[in-house]
Amino acid sequence: MAPLRDEEVSGEAAAFVGVDGEACAGLGREAVGAGDPVDDGCDDESEGGEEIAADLVVDASGRGSPLKRWLAELGAPVMQEESESCGIFYCSRFYRILPEAKRPPMEGPIGGDLGYMKYAIFQGDSDIFSVTLAASPKDDELRRVRDPAVFDTVTRHLPPTRRWVDPAVSTPITDVYVYANLKNTRRHFVEDGEPRALGVYPIGDALLHANPIAGRGCTIGWLQAYLLADA
Ligand SMILES: Cc1cc2nc3c(=O)[nH]c(=O)nc-3n(C[C@H](O)[C@H](O)[C@H](O)COP(=O)(O)OP(=O)(O)OC[C@H]3O[C@@H](n4cnc5c(N)ncnc54)[C@H](O)[C@@H]3O)c2cc1C
């Protein structure tokens, strides 16, 4: 299968929808392949959960969506998938500006590409901000920034980030979060005009996810949600 490039997933619309706050453990036994309506939603009775009847099931469970496996277990035609590494990993840490400190001025872009590593500062509300470092997963030296001590050393020496992470200015409020194994992935829920099942719709990252560096995932998800709501 041909490699799936960033630009190939950029034009796809798509989306999401939440249903309730409970973890969904599978599709109902009566829900099956194309031609048969999915008339059950979550089915977790074996674990003491509740089976929820639904006319429509929206899979917005993200890039680790189990839909492909769930449908296969129910005997539906297999969903094909194209997937290619994005060639990047991210590390992010969140901080809060100290009450007595002033937020450093943002002089220039919120991020940049140093060639060997990318960095960004994302400002939020409540005096919270995050610093992100990203590099190639093949760079053994730079993969060490996953270690909080190394992350702190790097961010305290990098000119654009050092004023933000100065202990006199802010304090970390999280560990270093690592986002690895990032892939461009496109799942084919409809093939030859036939959906793998009726009454179930994968949207957002569950259907298509792309390199985070492009910052498209949320937009794609919202577009899909609106398109589905309008359909
Ligand atoms: C490091 C990184 C940086 C990114 N930066 C950007 C950016 O700058 N801009 C941008 O637009 N996008 C960015 N993205 C992509 C963006 O985060 C995703 O495209 C977006 O979050 C997808 O939304 P979603 O609702 O489809 O899935 P998610 O946000 O992954 O939400 C899925 C939800 O489903 C829940 N869930 C999973 N399984 C079950 C289950 N069995 N039952 C019930 N609930 C379940 C999960 O707990 C989660 O809450 C980034 C992604 C990464 C990894």
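As a reminder, the structure under discussion sits directly above these lines.
What comes next is a walk through the structure. (Residues numbered from 1 in each chain as written. Predicted model: local features only at pLDDT ≥ 70, side-chain atom pairs only at ≥ 80, totals over all residues.)

Attention now moves to the nonpolar core. Side chains of a nonpolar character, in soluble globular proteins, are inclined to be buried together. Val58, Leu71, Ile203, Ala206 and Leu207 are the most contacted members of the largest nonpolar core, which totals 20 residues. Taken together, the elements giving at least two residues each to this core come down to β1 (57–59), α2 (67–73), β12 (200–202) and α5 (217–230). Examining the composition of this core, we find that three residues originate from one element, α2, more than from any other. Grouped together as the second largest cluster of nonpolar side chains are 12 residues, Cys86, Phe89, Cys91 and Leu133 included. (Core = buried A, V, L, I, M, F, W, Y, C linked by C-beta atoms within 7 Å. Buried ≥ 20, exposed ≤ 12 C-beta atoms within 10 Å, placed from the backbone. Helix = DSSP H or I, 4+ residues; strand = E, 2+ residues; numbered from the N terminus.)

For the rest of this paragraph, the subject is helix α3 (residues 148–157). An α-helix turns once every 3.6 residues. As a result, residues three or four positions apart point the same way. Those residues of α3 lying buried are Phe151, Val154 and Thr155. For α3, the arc enclosing every buried residue in end-on projection is 95°, short of the 170-degree limit, so these residues lie on one face. Within α3, the exposed residues directed more than 90 degrees away from the buried face are Ala149 and His157. The inward-facing, buried residues of α3 contact β3 (89–97), β6 (128–135) and α4 (159–165). (Arc of directions from axis to C-beta. Contact = placed C-beta atoms within 7 Å.)

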